[in-house]
Amino acid sequence: MSGEKNNITAPIRTTTGIVRNLTFLEHRTANGHPENHGRLEAVYRMLDQTDRLRRLVLVEARPAEEDEILLVHSAAHLAKVAATASRESTALTPDTIASAGSYRAARLAVGGVLEAVSRVADGRLANAFALVRPPGHHAERNRAMGYCLFNNVAIAAAYARKVLGIDRVMILDWDVHHGNGTQHIFEQDDRVLFVSIHQFPHFPGTGGFTDAGIGRGEGYSINIPIPKGYGDGEYTAILQALLMPLSAEFKPDLILVSAGFDPHASDSHGGMRLTPAGFAALTRCLLENAATCCSGRLALVLEGGYDVHTIGDSVKAVLDELSGATMSAVADIAATANPKKVIYALKRVVKVQRRYWKNLSRPMKIDCSGRTVHI
Ligand code: ZN
């Protein structure tokens, strides 16, 4: 795969896939529900208005097979979600609502993600972003939760391993909420490294620093729970400091991202301060990691993000990085971080994880706000 790295730095040669489909809008929640079809409508409108489709390759979604959903979910959970198709509205939890069109949308979301990941895995696409709903990362093996029906990213990771011949998968979850479902599905697995940066304390309440996995999977769950108020600089500095050493040691064959846009400064679901420039920097950071460790194989899946006025701009910033239209200056953005906030997170992560990761036991030097921070 020589020359792959050049694909990342030579914009013209990259091919970025997207999954979009109007069926995802048929998942109707409830009047005033934050996870509503207006979110994707805003994203799709951005795609049309900014002429992005010319540079992006549309990946056709297909309904996931039952066997594919059962890679991570129980038959009882699949049956429960399937049964919602016969009713106008079903509350799977007080805030996780399914309409008659939800099962169809959820199966198509999973299938769309699997198609995108398949194309990234075999090199037909350089990278991809599945713009789907319902979201997935709170969905547990046996239950819906937090607006999520099927765990799209977890199914994709399991599918990549069982069907696509991928051995190791790294999942980064930057949604403002902890990806409890994804972590629990893989917490005993040493072939899926789950890294989550999220607001804490916050819904769903899981994902503390010491929550590091179980049994053979100990050390393969890496949680970065941070108080509200972190912005572009801090997110970028923290992930830049952790991802490269981790991926150099774990050597993933594929990187998946649970891309939520609720850490945006104007999102009512969190207290973070990210802007499109921050999401672009995180994407660039991941592209660089993927280029170094897995021939650039990177696929993002939409999770949360509830401000319909800003989600389009945030997704646009990510797509511009993926397709090479822009090249975010990661180091410059990281350099704007508040050193205290970076030290708070990194010291605690390193303290827990250095017993599992040789590369995290080495001293770290990070430049932020004109200061060199030593961890
Ligand atoms: Zn979220």
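Residues numbered from 1 in each chain as written. Predicted model: local features only at pLDDT ≥ 70, side-chain atom pairs only at ≥ 80, totals over all residues. Heavy atoms only, no water.

A few words now on the coordination of the zinc ion. Protein ligation of the zinc ion involves D175 (OD), D175 (OD), H177 (ND1) and D262 (OD), the donor distances falling in the range 1.9 to 2.8 Å. Note that the zinc ion binds 4 donor atoms; their angles at the metal cover 52 to 154°, and the shape is irregular. Residue classification places H177 among the buried residues on the basis of a relative accessible area of 6%. On the basis of relative accessible area, D262 is assigned to the buried category, the value being 0%. (Donors = N, O, S within 2.8 Å, 3.2 Å for Na, K, Ca; no water. Tetrahedral: all angles 85-135°; square planar, octahedral: opposite > 155°, others 65-115°. Buried < 20%, exposed > 50% of the residue type's maximum accessible area, 1.4 Å probe, protein only.)

What follows concerns helix α6 (residues 152–162). Counting buried positions over the 11 residues of α6 gives 9, a clear majority of the element. For α6, every residue scored as buried is listed here: N152, V153, A154, I155, A156, A157, A158, Y159 and A160. (Helix = DSSP H or I, 4+ residues; strand = E, 2+ residues; numbered from the N terminus.)

Ranked by size, the top nonpolar core spans 115 residues in total, and within it F129, W174, I224 and F261 carry the most contacts. Here this core takes 11 residues from helix α5 (residues 102–121), the largest share from any one element. (Core = buried A, V, L, I, M, F, W, Y, C linked by side-chain atoms within 4.5 Å.)

Running from amino to carboxyl end, helix α2 (residues 37–49) crosses helix α10 (residues 311–322) at an angle of 50°, the nearest separation of the two axes being 8 Å. With respect to each other, α2 and α10 are oriented oblique. Here the hand of the crossing between α2 and α10 comes out right-handed. Contacts between α2 and α10 involve R39, A42, V43, M46 and L47 from the first element and I311, G312, V315, K316 and L319 from the second. Partitioned by chemical class, the residues of the contact of α2 with α10 number 7 nonpolar, 1 polar and 2 charged. (Axes fitted to C-alpha atoms, helices over the stretch in contact; angles between N-to-C directions. Parallel < 35°, antiparallel > 145°, perpendicular 65-115°, else oblique. Left-handed = near helix turned anticlockwise from the far one by under 90°. Contact = heavy atoms within 4.5 Å. Nonpolar A, V, L, I, M, F, W, Y, C, P; charged D, E, K, R; others polar.)

With that out of the way, let us pick up the packing of helix α8 (residues 232–250) against helix α9 (residues 276–293). Between α8 and α9, the least distance of the axes is 9 Å, while the angle of their chain directions is 10°. By the angle between their directions, the pair α8 and α9 is classed as roughly parallel. Here D232, Y235, T236, L239, Q240, L243, M244 and S247 of α8 lie close against α9, whose contacting residues are A277, G278, A281, L282, C285, L286, E288, N289, T292 and C293. Residues that form the contact of α8 with α9 fall into these classes: 10 nonpolar, 6 polar and 2 charged.

The subject of this paragraph is a positive patch on the surface. Together, K347, R348, K351, R354 and R355 make up a positively charged patch on the protein surface. Checked against the element boundaries, R354 lands in the loop between α12 (339–353) and β11 (365–368). (Patch = residues over 30% accessible without salt bridge, like charges linked within 9 Å, V, L, I, M, F, W, Y side chains within 5 Å. Areas by Shrake-Rupley, 256 points an atom, 1.4 Å probe, with all protein chains shown as cover. Salt bridge = Lys/Arg side-chain N within 4 Å of Asp/Glu carboxyl O. Lys, Arg positive; Asp, Glu negative; His and termini not counted. Charge placed at Lys NZ, Arg CZ, Asp CG, Glu CD.)

Here the focus is the packing of aromatic side chains. Note on aromatic pairs: each is described by the distance of the centres and the angle between the planes. One pass over the full model with this rule turns up 10 aromatic pairs. Cation over ring: R20 sits above Y44, and NZ or CZ is 4.7 Å from the ring centre. (Phe/Tyr/Trp six-rings, centres within 6.5 Å; stacked < 30°, edge-to-face > 60°. Lys NZ or Arg CZ within 6 Å of the ring centre and 35° of its normal.)

Let us look at the pairing of strand β12 (residues 371–374). In the sheet, β11 pairs with β12 via 4 bridges, with the strands oriented antiparallel. Pairing of I366 across the sheet is with V373, part of β12. Hairpin connection between β11 and β12: a loop of 2 residues separates the two successive antiparallel strands, and S369 in this loop has a positive phi of roughly 50°. (Pairing = 2+ DSSP bridges.)

This brings us to the environment of I366. Among the secondary structure elements, I366 is positioned in strand β11. Its relative accessible area of 9% is what places I366 among the buried residues. Sequence spacing of I366 and A335 is 31 residues, and the spatial spacing of their C-alpha atoms is 8.4 Å. For I366, the contacting residues outside a window of four places in its chain are A237, A241, L346, R371, T372, V373 and I375.

Purely geometric stuff here, so don't read any function into it on its own.
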